[in-house]
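Tertiary structure, described
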Amino acid sequence: MQLNDKVAIVTGGASGLGRATCTQLADQGVKLAIFDLDEKAAKQAAAELSETLGSDKVTYALVNVVDEESVASGVSHVLETFGAIHMLVNCAGIAPAGKVLNRDGDALALSAFSQVINVNLIGSFNVARLAAEAMAKNEPMGEAGERGVIINTASVAAYEGQMGQAAYAASKGGIVGMTLPMARDLAKLGIRVNTVAPGIMGTPMLLSMPEKVQEGLVAGIQFPKRLGLPSEFGDLVAHICSNAYINGETIRLDGGIRMQPR
Ligand SMILES: NC(=O)c1ccc[n+]([C@@H]2O[C@H](COP(=O)([O-])OP(=O)(O)OC[C@H]3O[C@@H](n4cnc5c(N)ncnc54)[C@H](O)[C@@H]3O)[C@@H](O)[C@H]2O)c1
């Protein structure tokens, strides 16, 4: 897809990987709609991006991805503002740790497990289904006749979840699992669905972990031996958006890491 002047929703666009994705897409002239729970950060991100794009090409909405009405009203806002939706990048997510049994032998609260599944997995699907509904109304674009592209964010924890990551790994495994069937469901409409599975990226989510935990994680990276850059994630997202032949796939972006139990 030719990206210039197309419209993208980026969930979690106020921080980390979502924020970096906004910058990379803005550099290609994409009109941006940030969906985030953190309204203050979303507003600030939109103001910064306006400097590159112009204020008429950036908007934001206070959206909770798990809430049907909140997402529906966010999608309506984008359609009213820009007239169409061509790309969705699902970056909103949470990563609380919690073992099945804690040190005292108490079981993880079921609500803690459900919350992670809700935000990361159900939230991603919730935005994707409503964005797809809007994309289906686009006229076919380019030689391939594309109508849109959806990119989800999983994690290498989908494959090698560490101790304390049962809920997080389950949520990300669900994202990997739904990628191909979603791509199959939407193929006739010319809408592609792909997923990026990042390794250890230098974002607030990761940098808020204790230094010892961060060092342990970096030790397992093959090359380059450092945290991944959010801009490397944004670059990959922009490439997936523009390359019509990438479909139904999950791409690891991880410097070759295979995570150990802890
Ligand atoms: N940072 C990493 O190393 C790493 C690795 C693998 C996968 N990921 C995944 O990448 C995604 C982005 O992570 P990040 O590191 O940029 O995190 P981050 O905490 O910097 O950003 C996440 C954003 O999502 C928003 N958000 C959270 N819950 C929301 C909700 N219910 N509705 C709307 N917005 C919500 C937050 O307000 C925040 O702005 C997540 O899905 C995360 O699991 C991150």
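What this report covers is the structure whose coordinates are included nearby. (Residues numbered from 1 in each chain as written. Predicted model: local features only at pLDDT ≥ 70, side-chain atom pairs only at ≥ 80, totals over all residues. Heavy atoms only, no water.)

Quick word on the sheet that holds strand E5 (residues 148–153)
Adjacent strands of a sheet pair through backbone hydrogen bonds, lying either parallel or antiparallel. Spatial strand order, E3-E2-E1-E4-E5-E6-E7: seven strands in an open sheet with parallel pairing. Where the open sheet ends on each side, the last strands, each with one partner, are strand E3 (58–62) and strand E7 (250–253). Within the sheet, the average angular offset between the axes of one strand and its neighbour, ignoring direction, is 15°. Summarising the sheet, strand E1 (residues 7–11) and strand E4 (residues 87–90) pair through four bridges and their orientation is parallel. Opposite Ile 9, over in E4, you have Leu 88 as the bridge partner. Against the sheet, helix H2 (residues 39–53) engages strand E2 (31–36) and E3, with an angle of about 175° to E3. (Pairing = 2+ DSSP bridges. Helix = DSSP H or I, 4+ residues; strand = E, 2+ residues; numbered from the N terminus. Axes fitted to C-alpha atoms, helices over the stretch in contact; angles between N-to-C directions. Contact = heavy atoms within 4.5 Å.)

Here's the deal with the site of the ligand
The immediate surroundings of the ligand are formed by 27 residues, with Ser 15, Leu 17, Asp 36, Tyr 168 and Thr 203 found nearest. Val 63 places a main-chain nitrogen or oxygen 3.4 Å from a nitrogen atom of the ligand. Take Cys 91: an N or O atom from its main chain is 3.4 Å from an oxygen atom of the ligand. Mapped by element, the contributors of at least two residues to the shell around the ligand are helix H1 (16–27), helix H6 (166–186) and helix H7 (204–207). Per-element accounting of the shell around the ligand gives the leading share, three residues, to H7. Classifying every residue of the shell around the ligand by side-chain character gives 15 nonpolar, nine polar and three charged. (Near = heavy atom within 4 Å. Polar contact = N/O pair within 3.5 Å; in protein donor to acceptor, adjacent residues only side chain to side chain. Nonpolar A, V, L, I, M, F, W, Y, C, P; charged D, E, K, R; others polar.)

Details of H1
For an α-helix, 3.6 residues make a turn, and residues three or four places apart therefore share a direction. In a regular helix each residue adds 1.5 Å, so twelve residues correspond to 16 Å; H1 covers 17 Å between its end C-alpha atoms and thus fits that length. Taken across its twelve residues, H1 has ten buried, putting it largely inside the fold. Positive backbone phi, approximately 80°, marks Gly 29, located one or two places after H1. (Expected span 1.5 Å × (residues − 1). Buried < 20%, exposed > 50% of the residue type's maximum accessible area, 1.4 Å probe, protein only.)

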